[in-house]
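Letter by letter, the chains look like this.
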Amino acid sequence: MDLGISGRVAVVTGAGRGIGLAITEALAGEGVRVIAGSRTTTPELAKLAVDGAVLPVEVDLASPTGPAQLVAAAGERVDILVNNVGSAPARTGGFLAVTEEEWYATLELNLLAAVRATRAALPLMLGQHRGAIVIVSSVNSTLADPNVIDYGAAKAGLANFAKALSKEVGPHGIRVNTVSPGPVATALWLGAGGVAETVAGATGLSPQAVAEGAVAGTATRRFSQPKEVADAVLFLASDLAGNITGADITIDGGMIPTW
């Protein structure tokens, strides 16, 4: 299926690995020029940059100026903005163990990075009278979990931000949507120091048991794959979703029941 986005320019945050890398690869595969922001240029991202379709930009997206630096690397045109960067540290010590500094760090990366990138890209989109902003949120924006209490609060704010902005910029031809993954097979969940390993260390379970438990209540009994999230992002970024805005696509294998 032709998504009709070939030749467009996209900015992707958190593009070095996991979901962001999958989104970057998928966009480039559709003929999109991708400005790919990451703290470091991972080998996987460098490989995508070989043919020139992907421009890696090393940037601290948690800093006040980082997101604007990334958007500036795109030049005078941004058709698609994918706010993906984020982190979900497991808070196994409970709410009182989460420090002021940890709260600020979580809000900076999971909420304010998207606000800042959007603030930088939106004037270009307004000048073009068109644009698509897709934000990677989380099931934890509504599914409260004390193990990620600060992350969930940040994602709830992010979802509200996206919905409110969609109402403001819709008349100008700009669409804003979110995707909300459940557990995804990335390093954030399954890698060294990830959620499964951290929770395992606090509970005495094995990381495999923690991971299996995380999806035991879902209909599909498995983690989503990064490409599955990327496919939803590309649909929302394309003209096939031309009258979809203020919407959220949940990709969780049936974790959150719909009544």
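Above this text is the structure in question.
All values derive from a computational prediction rather than experimental measurement. (Residues numbered from 1 in each chain as written. Predicted model: local features only at pLDDT ≥ 70, side-chain atom pairs only at ≥ 80, totals over all residues. Heavy atoms only, no water.)

Engineer: Go over a nonpolar patch on the surface with me, naming the residues and quoting the values.
Structural biologist: A cluster of nonpolar side chains, namely M1, F235 and L240, defines an oily patch on the protein surface of about 340 Å² accessible area. Along the polypeptide, L240 turns up in the loop between α9 (226–237) and β7 (248–251). Of the residues examined, L240 reaches a relative accessible area of 42% and is grouped as partly exposed. (Patch = residues over 30% accessible without salt bridge, like charges linked within 9 Å, V, L, I, M, F, W, Y side chains within 5 Å. Areas by Shrake-Rupley, 256 points an atom, 1.4 Å probe, with all protein chains shown as cover. Salt bridge = Lys/Arg side-chain N within 4 Å of Asp/Glu carboxyl O. Helix = DSSP H or I, 4+ residues; strand = E, 2+ residues; numbered from the N terminus. Buried < 20%, exposed > 50% of the residue type's maximum accessible area, 1.4 Å probe, protein only.)

Engineer: Explain the sheet that holds strand β6 (residues 174–181) to me, using residue names and the numbers behind them.
Structural biologist: Pairing within the open sheet is parallel, and its seven strands lie in the order β3-β2-β1-β4-β5-β6-β7. Two strands in the sheet have a free side with no partner beyond their single neighbour: β3 (54–58) and β7. Averaged over all pairs of adjacent strands, the angle between their axes in this sheet comes to 15 degrees, without regard to strand direction. Relative to the sheet, helix α4 (residues 100–128) contacts β1 (9–13), β4 (80–83), β5 (131–136) and β6, its axis offset from that of β4 by approximately 175 degrees. (Pairing = 2+ DSSP bridges. Axes fitted to C-alpha atoms, helices over the stretch in contact; angles between N-to-C directions. Contact = heavy atoms within 4.5 Å.)

Engineer: An account of the environment of T99 is requested, with residue identities and associated values reported.
Structural biologist: With respect to the secondary-structure elements, T99 resides in the loop between β4 and α4. On the accessibility criterion, T99 (34% relative accessible area) is partly exposed. Residues T99 and W189 lie 90 residues apart in sequence; the distance between their C-alpha atoms is 22 Å.

Engineer: Residues and numbers for the packing of helix α1 (residues 18–29) against α9, please.
Structural biologist: Close contact between α1 and α9 brings their axes to 8 Å; oriented N to C, the two are set at 55 degrees. One finds that α1 runs oblique with respect to α9. Here α1 runs over α9; the crossing is right-handed. Residue-level contacts link G18, I19, A22, I23, A26 and L27 of α1 to P226, K227, V229, A230, V233 and L234 of α9. The residue inventory of the contact of α1 with α9, partitioned by class, reads 10 nonpolar, one polar and one charged. (Parallel < 35°, antiparallel > 145°, perpendicular 65-115°, else oblique. Left-handed = near helix turned anticlockwise from the far one by under 90°. Nonpolar A, V, L, I, M, F, W, Y, C, P; charged D, E, K, R; others polar.)

Engineer: Account for the packing of aromatic side chains, naming residues and giving values.
Structural biologist: Enumeration over the complete set of coordinates arrives at one aromatic pair. Judged by centre distance (5.4 Å) and plane angle (85 degrees), the rings of W189 and F223 are edge-to-face. Of the two residues, W189 is situated in helix α6 (residues 187–190) and F223 in the loop between α8 (207–215) and α9; the sequence distance between them amounts to 34 residues. F223 shares its class with W189; the two are buried. (Phe/Tyr/Trp six-rings, centres within 6.5 Å; stacked < 30°, edge-to-face > 60°.)

Engineer: Hey, could you go over the side chain of T118 for me, with residue numbers and the actual values?
Structural biologist: One can find T118 in helix α4. The exposure class of T118 is buried, given its relative accessible area of 3%. Within the local environment of T118, its side chain forms a polar contact with the side chain of N83, the two groups lying 3.1 Å apart. For T118, the contacting residues outside a window of four places in its chain are L81, N83, I133, F161 and L165. (Polar contact = N/O pair within 3.5 Å; in protein donor to acceptor, adjacent residues only side chain to side chain.)

Engineer: I'd like a rundown of the nonpolar core, residues and numbers included.
Structural biologist: Formed by 32 residues in total, the largest nonpolar core has its most connected members in V12, I23, L27, V34, V82 and V179. Listed by contribution, the elements that provide at least two residues to this core are β1, α1, β2 (33–38), α2 (43–48), β4, β5 and α9. If one sorts the elements of this core by residue count, α9 sits on top with seven residues. Residues contacting V12, with those up to four places away along its chain left out, are G20, I23, T24, L27, V34, I35, A36, G37, L70 and V82. Grouped together as the second largest cluster of nonpolar side chains are 31 residues, A117, L158, F161 and I174 included. (Core = buried A, V, L, I, M, F, W, Y, C linked by side-chain atoms within 4.5 Å.)

Engineer: Please provide a residue-by-residue account of the pairing of β3, values included.
Structural biologist: When β2 meets β3, the two strands line up parallel, connected through five bridges. Bridged to V34 within β3 is V54. Note on the crossover from β2 through α2 to β3: the handedness is right-handed. (Right-handed = clockwise from strand over helix to strand, strands pointing away.)

Engineer: Please provide a residue-by-residue account of the pairing of β5, values included.
Structural biologist: Here is the key point about a regular strand: its side chains alternate between the two faces of the sheet. The element β5 is extensively covered by neighbouring structure, given that six of its six residues are classed as buried. What you see with β5 is no split at all: G131, I133 and I135 on one side and A132, V134 and V136 on the other are buried throughout. Note that β4 and β5 share four bridges and pair parallel. Bridge pairing in β5 places N83 opposite I135. Traced from β4 through α4 to β5, the parallel crossover comes out right-handed. Sheet topology places β5 next to β6; six bridges connect them, and they run parallel. Residue V134 lies in a different strand from β6, and its bridge partner there is N177.

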